[in-house]
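Analysis of the macromolecular model
So the chains spell out like this:
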Amino acid sequence: MASITDFAARFKGGVRANLFKVNITSPEQFVDLQFLVKAASLPGIQVPAIDVPFRGRQLKVPGDRIFDDWEVTVLNDPEFINRAAMESWMTRISAASANYSAFDRNNIDYYGTAVVSQLDRQQSVIRTYRLNVIPTTLGDISVSMDENDAVEEFTITFAVNTMTIDGQGLDAAASGSGVDIQASGQLTIGDVQVGIRI
């Protein structure tokens, strides 16, 4: 019969939802996002089923992979640097006053890279998700005379094109769909030969 000690040995303290970090690389410059992103998510994935009828029954076959939208909540910095960077990024994609883009048809630099990492309690990275994204929604910032003891924050929603995964789990191998790489070899220095494994 399993005991609480057995459970503790396998649970190993669990993974803490408040131990994470986020960084976003884009055409605009963000600052200190690993400190100012208040909330994010490890992205979801869908592989919907396609119903194929056969003699009164439905055969389920896998359809095309779909990536869920990815949302972050950002604490507003006193200089509005990150808010302004997001506004500028979206305005360069589609201008506010005219149907115009700063990116011509041969330029797809409007895409960004978002990186969200789960940390353990020693602040080491357990698993990292790298997303190719484009912003779709910049949330409003509520202001009110009634608001006391509160700091401003805003949400950003991104559409996701692709995702790669680094870290522990099914994708953490050279044959998986992540970006982890395993390599080994020999390094010779004079008469000394050293085995290397990365």
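In short, a report on the structure. Please read these numbers as outputs of a predicted model, since none were measured by experiment.

Quick word on the pattern of salt bridges
In the structure shown here, the tally under the stated rule is 5 salt bridges. Between Lys-38 and Glu-153 there is a salt bridge whose closest N-O contact spans 2.8 Å. Placement of Lys-38 in strand β2 (residues 37-39) and of Glu-153 in strand β10 (residues 153-167) is noted, with a sequence separation of 115 residues between them. The class for Lys-38 is partly exposed, based on a relative accessible area of 47%. Note on Glu-153: relative accessible area 30%, which makes it partly exposed.

A look at the packing of aromatic side chains
For the structure on display, the rule yields 6 aromatic pairs. Ring geometry for Phe-103 against Tyr-110: centres 5.5 Å apart, planes inclined by 75 degrees, an arrangement best described as edge-to-face. A residue is classified by how much of its surface remains accessible, and Phe-103, at 7% relative accessible area, is buried. Classification of Tyr-110 as partly exposed rests on a relative accessible area of 22%. Put simply, the rings of Phe-30, Trp-70, Trp-89 and Phe-158 touch in pairs and so form one group of aromatic residues. The lysine or arginine in question, Arg-83, covers the ring of Phe-154, its NZ or CZ lying 5.1 Å from the ring centre.

Comments concerning empty space enclosed by the protein
The final tally for this structure, using the stated rule, is 1 cavity of 30 Å³ or more. Of the volumes computed, that of the largest cavity is approximately 40 Å³. Lining the largest cavity, in full, are Ile-24, Phe-30, Leu-33, Val-37, Val-72, Val-74, Asn-82, Phe-154 and Ile-156. Contributions of two or more residues to the lining of the largest cavity are made by β7 (70-75) and β10. Class assignment for the residues of the lining of the largest cavity results in 8 nonpolar, 1 polar and no charged.

Structural notes on the side chain of Gln-118
Position of Gln-118 relative to the elements: it lies in strand β8 (residues 112-119). A relative accessible area of 11% means that Gln-118 is categorised as buried. At 3.0 Å, the side chain of Gln-118 forms a polar contact with the backbone oxygen of Arg-16. Once you skip the residues sitting within four places of it in the chain, Gln-118 turns out to touch Val-15, Arg-16, Leu-19, Leu-42, Ser-124, Val-125, Ile-126 and Arg-127.

Conventions adopted
- Residues numbered from 1 in each chain as written.
- Predicted model: local features only at pLDDT ≥ 70, side-chain atom pairs only at ≥ 80, totals over all residues.
- Heavy atoms only, no water.
- Salt bridge = Lys/Arg side-chain N within 4 Å of Asp/Glu carboxyl O.
- Helix = DSSP H or I, 4+ residues; strand = E, 2+ residues; numbered from the N terminus.
- Buried < 20%, exposed > 50% of the residue type's maximum accessible area, 1.4 Å probe, protein only.
- Phe/Tyr/Trp six-rings, centres within 6.5 Å; stacked < 30°, edge-to-face > 60°.
- Lys NZ or Arg CZ within 6 Å of the ring centre and 35° of its normal.
- 1 Å grid on protein atoms, 1.4 Å probe; cavity = no way out; pocket = protein on both sides within 12 Å on 5 of 7 lines; lining within 4 Å.
- Points joined across faces, edges and corners; volume = space filled by probe spheres on them.
- Nonpolar A, V, L, I, M, F, W, Y, C, P; charged D, E, K, R; others polar.
- Polar contact = N/O pair within 3.5 Å; in protein donor to acceptor, adjacent residues only side chain to side chain.
- Contact = heavy atoms within 4.5 Å.

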